[in-house]
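Structural features, examined
If you want the building blocks of each chain, they are given just below.
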Amino acid sequence: MMEALLLPRRIAEALRRAAEAEGVCLEDLLLDWLTRGADPPQRAVEYARAALDLLEAARAELAAGNLRQASEKAWRAAALAVKAYAYWRDSQRLASHGELWRYAKKMAEELGDWVHDAWAQANAMHINYYEGWAQREQVEKAIERVARLVEEVARRIGVKP
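Values in this document were obtained by computation on a predicted structure and should not be read as measured data. (Residues numbered from 1 in each chain as written. Predicted model: local features only at pLDDT ≥ 70, side-chain atom pairs only at ≥ 80, totals over all residues. Heavy atoms only, no water.)

Some details on the packing of aromatic side chains
How we decide: Only Phe, Tyr and Trp rings take part, Trp by its six-membered ring, and two of them pair if their centres are within 6.5 Å. Stacked means planes under 30 degrees apart, edge-to-face means over 60, and tilted covers everything else. Comment: elements are numbered from the N terminus, with helices defined as DSSP H or I runs of at least four residues and strands as E runs of at least two. Only protein chains enter the accessibility calculation, which uses a 1.4 Å probe; a residue is then buried when its area is under 20% of its type maximum, exposed when over 50%, and partly exposed in between. Whether a charge sits over a ring depends on NZ of Lys or CZ of Arg being within 6 Å of the ring centre and within 35 degrees of the ring normal.
Applying the stated rule across the entire model yields six aromatic pairs. Ring centres of Tyr 47 and Tyr 87 lie 5.3 Å apart, and the angle between their planes is 55 degrees; this geometry places the pair in the tilted category. With Tyr 47 in helix 3 (residues 40-63) and Tyr 87 in helix 4 (residues 67-90), the pair connects residues that are 40 residues apart, well separated along the chain. Each of the two residues, Tyr 47 as well as Tyr 87, counts as buried. With centroids separated by 4.9 Å and ring planes inclined at 75 degrees, the aromatic side chains of Tyr 129 and Tyr 130 adopt a geometry described as edge-to-face. What makes Tyr 129 partly exposed here is its relative accessible area of 27%. You can call Tyr 130 exposed: its relative accessible area is 52%. Here the aromatic residues Trp 75, Trp 101 and Trp 119 are joined through ring pairs into a cluster of three or more. The lysine or arginine in question, Arg 148, covers the ring of Trp 114, its NZ or CZ lying 4.0 Å from the ring centre.

Brief notes about the packing of helix 3 against helix 4
Two measures define how a pair of helices packs: the angle their axes make with one another and the distance between the axes. As a reminder, the rule being used: Fitted lines through C-alpha atoms give the axes, limited to the stretch in contact for helices. The angle between two N-to-C directions lies from 0 to 180 degrees. Convention used here: angles under 35 degrees read as roughly parallel, angles over 145 as roughly antiparallel, angles from 65 to 115 as roughly perpendicular, and any remaining angle as oblique. The handedness criterion is simple: a crossing whose near helix is rotated anticlockwise from the far helix by less than a right angle is left-handed, and one whose near helix is rotated clockwise is right-handed. Asp, Glu, Lys and Arg are counted as charged, while Ala, Val, Leu, Ile, Met, Phe, Trp, Tyr, Cys and Pro are counted as nonpolar; the rest, among them Gly, fall into the polar class.
One can describe the packing of helix 3 onto helix 4 by two numbers: an axis separation of 8 Å at closest approach and a directional angle of 165 degrees. In terms of orientation, helix 3 lies roughly antiparallel with respect to helix 4. Where helix 3 crosses over helix 4, the two elements pack in a sense that is left-handed. Considered class by class, the residues forming the contact of helix 3 with helix 4 number 20 nonpolar, one polar and five charged.

Thoughts on the pattern of salt bridges
Put simply, the rule reads: Counted as salt bridges are all cases of a side-chain nitrogen of Lys or Arg within 4 Å of a carboxyl oxygen of Asp or Glu.
The tally for this structure, following the rule as stated, stands at 18 salt bridges. Between Lys 106 and Asp 90 there is a salt bridge, with the nearest N and O atoms lying 2.6 Å from each other. Placement of Lys 106 in helix 5 (residues 97-111) and of Asp 90 in helix 4 is noted, with a sequence separation of 16 residues between them. Its relative accessible area of 27% is what places Asp 90 among the partly exposed residues. Note that Lys 105 is salt-bridged to Glu 109, the shortest N-O span being 2.6 Å. Here Glu 109 and Lys 105 lie together in helix 5, a separation of four residues that amounts to about one turn. Judged by relative accessible area, Lys 105 falls into the partly exposed class, the value being 47%. Judged by relative accessible area, Glu 109 falls into the exposed class, the value being 57%. It is possible to trace a salt-bridge network through shared partners that takes in Glu 22, Asp 32, Arg 36, Arg 43 and Arg 93.

What follows is the structure in structure tokens.
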């Protein structure tokens, strides 16, 4: 479930700048800060929970017809799921898009080729957020594939989807 948090503009802008400087989404930045003292398995749980929440938000945006927002939330859900798996499997923090791509490849080797498809669809949704080219059916299919990734990671970590 998503919840809005109202912040003074300066704080919100500072948080966005900090996330951009680190090359991560705002959720990832905040999760990193909030779980600093946690061990990697607990961080994995928190990332998986956030990925599930973003997946739910992507579905809600799709239902409301907000294709760009649905697309970006699907991308963020997939990225957090990959990061959750890296924390859980290897106690590894992924800090760049390149690291996400390399780890998604590793996940596909372990979990199956379907991970390649889910990851590619997530990245297509990231592009769609900026370009707005995808049709509703394409966004819907991408969310289905991303859902498989997010839910499988959550199950493996021990978080109920």
